[in-house]
Amino acid sequence: MRGLKKFAAIAGALALMALPGGAVADDPQLELMQPGELVIGYYPTAGGFDVKDGRVEGIFGLVIEKVAERLGLTPVYKAFDFPALIPAVQAGRVDMAGPFSITQPRAQVLYLTTPMFLQPEAMAVRPDTDLTSWEEAAAKGMTLASNVGYFQIGAWEELGINVHTFDNIDACFMDVVNRGADGCAVGAFDLIYRQATQPNSPVAQLKVVPMSGPRITADLNSYGVSKNSPRLAAAISQAITDLWRDGSIEAAYHETFKDAQYDLFLNAPQGHALYLPGPWEEGVVPPAPAGSAPQTVAAGKLTIGVPSSSTMLSSNGEGPEGDIIRAVAAGLGLEPAFVAVDDAASALDSGSVDVIAGQLAETEASAHQMWFTEPVAFDPDYIYVRPGDGGAYPGYASWEDAVADGGHLVVVTGDPRIADLQAAGVAFEEAPDAKAALSMVAQGEATGFVGSTVDFASAVSSDPALVDAGLGWVRNKDTHTLGYVYAWGVKVGNVELANALDREIVRSWQTQVMAQAFRSAFPQTNVTALLAPGPTAIGTSFGASKDYRMESTFLAGPWTQRPGWSQ
């Protein structure tokens, strides 16, 4: 919960693992302290996780109780102070612990399971207060409050915001009630829980307002499992995924919050940065377990529908995604069969194909029509640039930075980003295709190219002059940021196939199938832009190196597969 933010920068994550047939209590390969028991470390928190009179309470406690039930294990609860939770896992005093806000540093020392809580960066304000961003608070000369040690205080001070700090959440809320501050940022959970349990209190009369802007990061929570327990971590992740899909997690929220605004915690926050400890990052996801072939439309085959708009996969199986699909299908013991489709959702619903693939971007609209697999590639919002005289790339952090000295950007005619460039008032010109646009950047005729990772890689690999130009990228971090995850679509409710594909996609990442596919498709080109949701070691500034956050990217995780997510 955001009340735990003082211990790490806040981010988000996803780890979808599949154990065919589910884990069971007598599975000797589950690395448990005691056979038949799941020993859980927790920090007592009202509404979050507590145990009273032998009964578990709070949303996170209810979820983990269901996880233990799914695994056929008896839950054993051990309370700790929060700073002792991670050491307890590492020392083997508990099988798992949490909940934790998911961060990149934590993913290096623990396996972080599928999240069960998605919290937007939010502000508690009075009903008559109009506030949508930290930048707006700075412009209006507002005073903001939070708890000592919370991460956003430094950002507020950089923006010139007057800050009040407190050592407890209730004092922060009351500062807003008493008009000492205009907003209190301690996360949405605590206020919504008070609205559910103390509806007539002064604090409950405040309202929760999600924030927006380039500095905003969502707070996703999960449990931590020792790096010595990969099968247990995978089993817990799969159980949480199953609980999303059958509605159990949403039911637990309703039990805890009743009619309060708990839907904020069930949907990926729009426009927020997310950290995803996925298999594209070394060592943060357990090795994919073994499994059996799922049932498919045609026995012994995996039938892949390819839309006409696809640029990474053709209807005859050519392209980098074809190589990935063949590796995944081989892992499932199936033969891939590619067919052209006009309407992806209809093809899935009719049962004529098993999978939709081919530079398929996850969007909220499409997530209502199909389930998405683990990602197979990424399209972060980058500005493609040429190196300076010293070989370093320019330190742009936004479109506005790139044109600040009288320069202009270039974009391909018809690109949807044109509307955003116009809205931002950023100088740009159009080019007929990505190769022409990047040539302008290479020759110094434009300060940067705004386009997709596929545009960049395909154009550079086809032109030796662009290869020699040493083009790279910097992240666009302004309020117009928009990135995409590329994944595959399966029919809503096809759990067996979704789990099997996720398992083999994870294995493909971990065996470098994706890297090899893109390097083969785009020779002599730096393809790392396709292989991670954020800047990697090459092609960006040192300060942002290996930052795997998704910036303003819609993520169709298992929360978009629950019954309450209208299909």
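Residues numbered from 1 in each chain as written. Predicted model: local features only at pLDDT ≥ 70, side-chain atom pairs only at ≥ 80, totals over all residues. Heavy atoms only, no water.

> Please clarify how the pairing of strand β25 (residues 484-490) should be interpreted in this entry.
Two faces belong to every sheet, and in a regular strand the side chains alternate between them. Counting buried residues along β25, 6 of its 7 residues qualify, which places the element largely inside the surrounding structure. Two elements, strand β17 (residues 355-361) and β25, share 3 bridges in a ladder whose sense is antiparallel. Each residue of the ladder has a partner; that of Ile-356, found in β25, is Gly-489. Here strand β18 (residues 371-372) pairs with β25 via 2 bridges, running antiparallel. Its bridge partner being in β25, Trp-371 is matched across the sheet by Val-490. (Buried < 20%, exposed > 50% of the residue type's maximum accessible area, 1.4 Å probe, protein only. Helix = DSSP H or I, 4+ residues; strand = E, 2+ residues; numbered from the N terminus. Pairing = 2+ DSSP bridges.)

> Help me out: how do you make sense of helix α6 (residues 169-177) in this one?
Two residues of an α-helix separated by three or four positions point the same way, owing to the 3.6 residues in each turn. Taken residue by residue, α6 has Ile-169, Cys-172, Phe-173, Asp-175 and Val-176 as its buried positions. Along the long axis of α6, the arc covered by the buried residues comes to 155°, so they all point the same way. Buried residues in α6 make contact with β8 (122-125), β9 (143-147), β10 (162-166), β11 (183-184) and α7 (188-197). A positive phi of about 65° marks Arg-179, the residue just after α6. (Arc of directions from axis to C-beta. Contact = heavy atoms within 4.5 Å.)

> Before we go on, may I ask you to explain the state of the cysteines in this structure?
In protein chemistry, a disulfide is the covalent bond that joins the sulfur atoms of two cysteines. For the structure on display, the rule yields 1 disulfide. Across the disulfide from Cys-172 sits Cys-184; the S-S distance is 2.1 Å. The S-S bond linking Cys-172 to Cys-184 shows a torsion near 125°; that makes this disulfide right-handed. One end of the pair, Cys-172, is in helix α6; the other, Cys-184, is in strand β11, and 12 residues separate them in sequence. Take Cys-172 and Cys-184: they sit in the same class, and that class is buried. (Disulfide = S-S within 2.5 Å.)

> Help me understand the pairing of strand β5 (residues 96-101) in this model?
Counting buried positions along β5 gives 6 out of 6 residues, so the element sits mostly inside the fold. Of the pairings in the sheet, the one linking strand β1 (residues 37-42) to β5 comprises 2 bridges and is parallel in character. The residue bridging Gly-41 from the neighbouring strand is Ala-97, located in β5.

> Would you explain the nonpolar core in this entry?
One broad trend across soluble globular proteins is that nonpolar side chains are buried collectively. Judged by nonpolar contacts, the single largest core of 128 residues is most densely connected at Phe-265, Trp-488 and Phe-518. Element by element, the count of residues in this core is highest for helix α8 (residues 230-245), at 8 residues. What Phe-265 contacts, discounting residues up to four positions off in sequence, is Phe-117, Leu-118, Gln-119, Ala-188, Phe-189, Ile-192, Trp-244, Tyr-253 and Phe-257. Val-412, Ala-446, Ala-459 and Leu-466 belong to the second-largest nonpolar core, a separate cluster that totals 19 residues. (Core = buried A, V, L, I, M, F, W, Y, C linked by side-chain atoms within 4.5 Å.)

> Teacher, can you tell me more about the side chain of Arg-245 here?
If you trace the backbone, Arg-245 turns up in helix α8. Beyond its immediate sequence surroundings of up to four residues, Arg-245 is in contact with Gln-238, Trp-371, Val-495, Ala-498, Asn-499, Asp-502, Gln-561, Arg-562 and Pro-563.

> I would appreciate a short explanation of the packing of aromatic side chains in the present structure.
For any two aromatic rings, the description comes down to two numbers: the centre-to-centre distance and the angle of the planes. This model, assessed by the stated rule, comprises 31 aromatic pairs. On the numbers, 5.8 Å between centres and 65° between planes, the contact of Phe-82 with Phe-100 is edge-to-face. Of this pair, Phe-82 sits in the loop between β4 (74-79) and α2 (85-90) while Phe-100 sits in strand β5; the two residues are 18 residues apart in sequence, bridging distant segments of the chain. On the basis of relative accessibility, which here comes to 6%, the residue Phe-82 falls in the buried class. When its relative accessible area of 1% is taken as the criterion, Phe-100 is described as buried. Between the aromatic rings of Phe-378 and Trp-509, the centroid separation amounts to 6.1 Å while the plane-to-plane angle is 40°, which identifies the pairing as tilted. With a gap of 131 residues between them, Phe-378 in strand β19 (residues 377-379) and Trp-509 in helix α18 (residues 495-510) connect regions that are remote in the sequence. (Phe/Tyr/Trp six-rings, centres within 6.5 Å; stacked < 30°, edge-to-face > 60°.)

> Where do I start with the sheet that holds strand β20 (residues 382-385) in this structure?
The pairing of strands in a sheet happens through backbone hydrogen bonds and is either parallel or antiparallel. The 5 strands are arranged β22-β21-β23-β20-β24 in an open sheet whose pairing can be described as mixed. With partners counted over all chains shown, the strands left at the sheet margins are β22 (428-431) and β24 (472-475), one partner each. Going from strand to strand, the sheet's axes swing by 35° on average, the running direction of each strand aside. Examined bridge by bridge, β20 and strand β23 (residues 448-450) share 2 bridges and lie antiparallel to one another. Paired with Ile-383 across the two strands is Val-450, which belongs to β23. (Axes fitted to C-alpha atoms, helices over the stretch in contact; angles between N-to-C directions.)

> Honestly, the sheet that holds β10 in this entry has me stumped. Any pointers?
Read from one edge of the open sheet, 5 strands run β10-β9-β11-β8-β12, paired in mixed fashion. Every other strand in the sheet has two partners, leaving β10 and β12 (207-210) as the edge strands with one partner each. In terms of strand pairing, β8 meets β12 through 4 bridges, oriented antiparallel. Across the sheet, the residue bridging to Val-125 is Lys-207, located in β12. The sheet contacts of helix α5 (residues 152-159) involve β8, β9 and β10, and relative to β9 the element is tilted by about 160°. Strand contacts of α6: β8, β9, β10 and β11, with the helix running at about 165° to β9, the strand carrying the most contacts.

> Sorry, what's going on with α7 here?
Among the residues of α7, Ala-188, Phe-189, Asp-190, Leu-191, Ile-192 and Arg-194 are the ones counted as buried. Residues of α7 that are buried in the fold lie against α1 (59-70), β7 (117-119), β8, α6, β12 and α9 (248-257).

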